[in-house]
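This is what each chain is made of:
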Amino acid sequence: KDPMEPGQTTAKPDLRGLFHFMAQLYTHKILTQKIMHYCILGHRQRAEKTESEEEAEESVESICILLATVGEGMEMKNRKTDIYYSEIPGYYNWLHDIAEGRARKETKDAGGRTAPGPIIQVSPSVKSAISSLINLRNAGWKKIPAHTGH
C-alpha cells in the first residue's frame, strides 16, 4: 500500500538517519555548533524523561551517531571562545554511565520535585556504539584499524 494515499499512516521518522544527515550538514558548515549542542541536549533530556525504553535508546543511539561524526570538530573548534565547550565532557560521561548501567531517568515525586528514576536501559548494540565512540575519542579521533586476525 502507498503511504501517501488518504487514510494511510506514514512511518515514524528515523532519528538515526536524521542525526546522520545533520552531522553531514555540520561538517559542511551549514549547521552551527550551537545547533549540535541543542540537538544533543534535547535528546539527552528526551532519553532521561521518556517512559519508553525504545525512545530513550533511539535518542542515545542518535547522539552517538552525531558525536561520532562531529565530536572531533566540536572539541577542536573555538576551545577558548565556545561557551558550550565545557559541556562536551559531560556528554561522554553521561554516555559512559549509560553503558555502565548508572545513568537514570528523571521522574517527579508526589511534591513535583525531580527525583532519580529507573536506569536508562539500552541494548548491547547501543552499548557497543557508546564504547566505540568513547574509544575513538580517547584515541584522539584516529580510526582504530579492525583486527583481521592475519
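Everything discussed here concerns the structure shown above.
Overview of the structure. (Residues numbered from 1 in each chain as written. Predicted model: local features only at pLDDT ≥ 70, side-chain atom pairs only at ≥ 80, totals over all residues. Heavy atoms only, no water.)

**So, the overall build of the chain**
Phase 1 of the analysis: Helices and strands together make up the secondary structure of the chain, namely five helices and two strands.
Phase 2 of the analysis: Each helix (α) and strand (β) of the chain, taken in turn from the N terminus, gives the series α-α-α-α-β-β-α.
Phase 3 of the analysis: Counting every position in the chain, which comprises 150 residues, the buried fraction comes to 33%.
Phase 4 of the analysis: Of all intrachain contacts in the chain linking residues separated by at least 6 positions in sequence, the fraction that spans at least 24 positions is 64%.
Phase 5 of the analysis: For the chain, the exposed surface amounts to about 9600 Å²; the carbon and sulfur share of it is 54%. (Helix = DSSP H or I, 4+ residues; strand = E, 2+ residues; numbered from the N terminus. Buried < 20%, exposed > 50% of the residue type's maximum accessible area, 1.4 Å probe, protein only. Contact = heavy atoms within 4.5 Å. Areas by Shrake-Rupley, 256 points an atom, 1.4 Å probe, with all protein chains shown as cover.)

**Things to note about the nonpolar core**
Phase 1 of the analysis: Membership of the largest hydrophobic core comes to 35 residues, with the highest contact counts inside it found for Val60, Leu67, Met74, Trp94, Leu95 and Ile130.
Phase 2 of the analysis: At eight residues, helix H3 (residues 53-76) tops the list of elements feeding residues into this core.
Phase 3 of the analysis: Sequence-distant contacts of Val60, defined by excluding residues within four places in its chain, comprise Ala47, Trp94, Leu95, Ile98, Val122, Val126 and Ile130. (Core = buried A, V, L, I, M, F, W, Y, C linked by side-chain atoms within 4.5 Å.)

**Description of H3**
Phase 1 of the analysis: End to end, H3 covers 33 Å across 24 residues, agreeing with the expected 34 Å (1.5 Å per residue, within 8%).
Phase 2 of the analysis: The sharpest bend along H3 reaches about 60 degrees and sits at Val70.
Phase 3 of the analysis: For H3, the capping residue at the N-terminal end is Ser52, with a side-chain oxygen 3.3 Å from the backbone nitrogen of Glu54. (Expected span 1.5 Å × (residues − 1). Bend = angle between axes of the 7 residues up to and from the residue. Polar contact = N/O pair within 3.5 Å; in protein donor to acceptor, adjacent residues only side chain to side chain.)

**Things to note about unusual backbone geometry**
Phase 1 of the analysis: Notably, Lys29 is not glycine yet its phi reads approximately 60 degrees, a positive angle.
Phase 2 of the analysis: Along the chain, Lys29 falls in the loop between helix H1 (15-27) and helix H2 (33-49).
Phase 3 of the analysis: For Lys29, a relative accessible area of 73% translates into the label exposed.

**Some details on the pairing of strand E1 (residues 104-108)**
Phase 1 of the analysis: Pairing geometry for E1 and strand E2 (residues 114-119), over four bridges, is antiparallel. Each residue of the ladder has a partner; that of Thr107, found in E2, is Ala115. (Pairing = 2+ DSSP bridges.)

**Details of the environment of Thr114**
Phase 1 of the analysis: Its place among the elements puts Thr114 in strand E2.
Phase 2 of the analysis: Each residue touching Thr114, except ones within four places of it in the same chain, is listed here: Glu106, Thr107 and Lys108.

**What to know about the packing of aromatic side chains**
The relation between two aromatic rings is expressed through the spacing of the ring centres and the mutual angle of the planes.
Phase 1 of the analysis: The tally for this structure, following the rule as stated, stands at one aromatic pair.
Phase 2 of the analysis: Their ring planes at 65 degrees and their centres at 6.4 Å tell us that Tyr92 and Trp141 sit as a pair that is edge-to-face. Taken as a pair, Tyr92 in helix H4 (residues 88-99) and Trp141 in the segment after helix H5 (124-138) lie far apart in primary sequence, 49 residues in all.
Phase 3 of the analysis: Residue classification places Trp141 among the buried residues on the basis of a relative accessible area of 10%. (Phe/Tyr/Trp six-rings, centres within 6.5 Å; stacked < 30°, edge-to-face > 60°.)

Keep in mind that these numbers describe shape and distance, not what the molecule does.
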